[in-house]
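Take a look at the letters that make up each chain.
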Amino acid sequence: MDKPLLKCAIVDDSTLQRLSIVKLIENHPALNLVAEYNNAIEAKMGLATTEIDLIFLDIEMPILSGFDLLDDLTHKPQIIFVTGKTKYAFKAFDYDAVDYLRKPISKERFLNAVHKAVTNFKLKNDDGFNDEDFIFVKSNLKKRKVFLNELRYIEALGDYVKLVTEHDALVVLSTMKAFEALLPKDRFLRIYKSYIVNLDKVERYNSKVIELDNEELPLSRNRKTDLVEALAATSRG
């Protein structure tokens, strides 16, 4: 798994809402939860001495609102607003918010918001970007940047290939052979005639299938040795 990149805090006066966000954060490999606050006053004190990259911030809270908290902060981390109301959305983006999530939060919206925050962090910190860290693909007539560490696997679909990432799936006009040549061989392996897998995402395997989180991909009988060797090389690296 990728090491966590962003140190996160939650500021929300609802215990149930904090618990739901905690669960989402703990299941995301790029996030590390370091602080929880049940009001903005606690958060103001805590954030003065705690280094945070990203805050999941409620707006309507007793005494100090989420906006009041941001006005008082000297160092402003990235902000994802989390609120039950839509009426604050316009004002939220005056604070350069990464995203504005309405309660209850769906997993898809959460992942999209975090993806933006992670990308912002990497661009700001020049986090080891080089030509091998991402590729550009054309999907729906638009060019899209795909980060290799977020690419889970590629599946053949006739004259197209489907790229499945941590956040979504893209369908691209291409062949498996072309994509196999494009991807770094020490990080990706063709495991079946219609599948290429990111070796870092492999959690378990047997003679027939590979497991990635809650998904299973078929493993060709004559590629198992290649897989074992590739995983061994990855772990040594």
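All values reported here derive from a predicted model rather than from experimental measurement.

What counts as what
- Position labels on residues start from 1 in each chain and follow its written sequence.
- Only residues with pLDDT of 70 or above have their local features reported here, since the model is predicted, and side-chain atom pairs are shown and tallied only from 80 upward, although totals for entire chains, interfaces and linings are computed over all residues.
- Excluded from the side-chain calculations are hydrogens and water; all other atoms, namely the structure's heavy atoms, are used.
- Note: domain ranges come from an automatic or database domain assignment.
- Contact between two residues is taken to exist if any of their heavy atoms lie within 4.5 Å; hydrogens are not considered.
- Two parts placed together each lose some accessible area under a 1.4 Å probe, and the buried area is that loss summed for both.
- Salt bridge criterion: a side-chain nitrogen from Lys or Arg within 4 Å of a carboxyl oxygen from Asp or Glu.
- The definition of a polar contact used here is a pair of N or O atoms within 3.5 Å, where within protein one atom must be able to donate a hydrogen and the other to accept one, and adjacent residues in sequence count solely through side-chain atom pairs.
- Three classes are used: nonpolar for Ala, Val, Leu, Ile, Met, Phe, Trp, Tyr, Cys and Pro, charged for Asp, Glu, Lys and Arg, and polar for all others, with Gly counted as polar.
- In this text, helices come from DSSP runs of H or I with a minimum length of four residues, and strands from runs of E with a minimum of two, each type numbered from the N-terminal end.
- Under the scheme applied here, a residue whose accessible area is under 20% of the maximum for its type counts as buried, over 50% as exposed, and between as partly exposed, the area being computed with a 1.4 Å probe on protein chains only.
- Here, a strand pair is defined by DSSP locating no fewer than two bridges between the strands.
- The axes are straight lines fitted to the C-alpha atoms, using for helices just the contacting stretch, and the angles between their N-to-C directions are given from 0 to 180°.
- UniProt positions are given in the numbering used here, feature names are shortened, and annotations may be inferred rather than shown by experiment.
- Nonpolar side chains (Val, Leu, Ile, Met, Phe, Trp, Tyr) within 5 Å and like charges within 9 Å form the patches, drawn only from residues with over 30% relative accessible area and no salt bridge.
- Shrake-Rupley sampling with a 1.4 Å probe provides the accessible areas, and residues are treated as covered by the protein chains on show and by no other component.
- Pairing of aromatic rings covers Phe, Tyr and the six-membered ring of Trp, with a centre-to-centre limit of 6.5 Å; geometry is then stacked below 30 degrees between planes, edge-to-face above 60, and tilted otherwise.
- Only when the NZ atom of a Lys or the CZ atom of an Arg is both within 6 Å of the ring centre and within 35 degrees of the ring normal do we say a charge sits over the ring.

Caption draft 1: Broad picture of the domain arrangement of the chain. Along its sequence, the chain is carved into domain 1 (6-125) and domain 2 (134-235). At the junction of the two partners, domain 1 supplies 7 residues and domain 2 supplies 5 residues. Here domain 1 packs against domain 2, burying approximately 560 Å² in sum over the two surfaces, 55% of which is carbon and sulfur. It is Leu111, His115 and Lys122 that lose the most area in domain 1 upon contact with domain 2, and together they represent 60% of the buried surface on that side. Summed over the shared surface of domain 1 and domain 2, the number is 0 salt bridges. Linking domain 1 to domain 2 there are 3 residue pairs in polar contact (both at pLDDT 80 or more). Along the lines of polarity and charge, the residues of the side of domain 1 that touches domain 2 split into 2 nonpolar, 4 polar and 1 charged.

Caption draft 2: Structural context of the environment of Val118. Relative to the helices and strands, Val118 is located in helix α5 (residues 107-125). What makes Val118 buried here is its relative accessible area of 4%. Not counting the four nearest positions on each side in its chain, Val118 is found in contact with Leu5, Leu6, Ala30 and Glu150.

Caption draft 3: Layout of the sheet that holds strand β11 (residues 188-192). Pairing within the open sheet is antiparallel, and its 5 strands lie in the order β10-β9-β8-β12-β11. Sheet topology places β10 (169-173) and β11 at the edges, where each strand pairs with a single neighbour. Across the sheet, the mean angle separating the axes of adjacent strands is 20 degrees when strand polarity is ignored. The sheet contact formed by strand β9 (residues 160-165) and β10 spans 5 bridges and is antiparallel. Pairing of Val161 across the sheet is with Val172, part of β10.

Caption draft 4: Local environment of the UniProt feature "modified residue: 4-aspartylphosphate" (unreviewed entry) in the chain. Annotation from UniProt places "modified residue: 4-aspartylphosphate" (unreviewed entry) at Asp58. On the secondary structure map, Asp58 appears in the loop between β3 (54-57) and α3 (66-72).

Caption draft 5: Quick peek at a nonpolar patch on the surface. Taken together, the side chains of Leu157, Tyr160, Val171 and Leu173 make up a nonpolar region of the molecular surface, amounting to roughly 360 Å² of accessible area. By the secondary structure assignment, Leu157 is in strand β8 (residues 151-157). We classify Leu157 as partly exposed; its relative accessible area is 36%.

Caption draft 6: Layout of the sheet that holds strand β15 (residues 215-218). Across the sheet, which stays open at both edges, the 3 strands sit in the order β13-β14-β15 with antiparallel pairing between neighbours. The open sheet has two edge strands, β13 (204-205) and β15, and neither has a second partner. Sheet analysis places strand β14 (residues 209-212) next to β15, joined by 4 bridges and oriented antiparallel. Residue pairing in the sheet places Leu212 in a bridge with Glu215 of β15.

Caption draft 7: Summary view of the UniProt feature "domain: Response regulatory" (unreviewed entry) in the chain. Per the UniProt annotation, the sites labelled "domain: Response regulatory" (unreviewed entry) are residues 7-118. This span, residues 7-118, is 38% helix and 23% strand, and a straight line between its end C-alpha atoms measures 11 Å.

Caption draft 8: Focus on the environment of Arg18. Tracing the backbone through its elements, the reader meets Arg18 in helix α1 (residues 15-26). Since its relative accessible area comes to 12%, Arg18 is described here as buried. Once the C-alpha coordinates of Arg18 and Asn214 are considered, the two residues, 196 residues apart in sequence, prove to be 25 Å apart. Beyond its immediate chain neighbours, meaning those up to four positions away, Arg18 contacts Ile10, Asp12, Asp13, Glu36, Tyr37 and Asn38. Separated by 2.7 Å, the side chain of Arg18 and the backbone oxygen of Asp12 make a polar contact.

Caption draft 9: Expanded view of the packing of aromatic side chains. In total, this model carries 7 aromatic pairs according to the counting rule given. Note on Phe67 and Tyr88: the rings are 6.0 Å apart at their centroids and 70 degrees apart in plane angle, and the pair reads as edge-to-face. Pair noted here: Phe67 is in helix α3 and Tyr88 is in the loop between β4 (78-83) and α4 (89-92), with a separation of 21 residues, a long-range link. The exposure class of Phe67 is buried, given its relative accessible area of 4%. The buried category is assigned to Tyr88, whose relative accessible area is 17%. Feature note: the residues Phe67, Phe81, Tyr88 and Tyr95 constitute an aromatic cluster, connected by ring pairs. Residue placement shows Lys145 over the ring face of Phe134; its charged tip is 4.2 Å from the ring centre.

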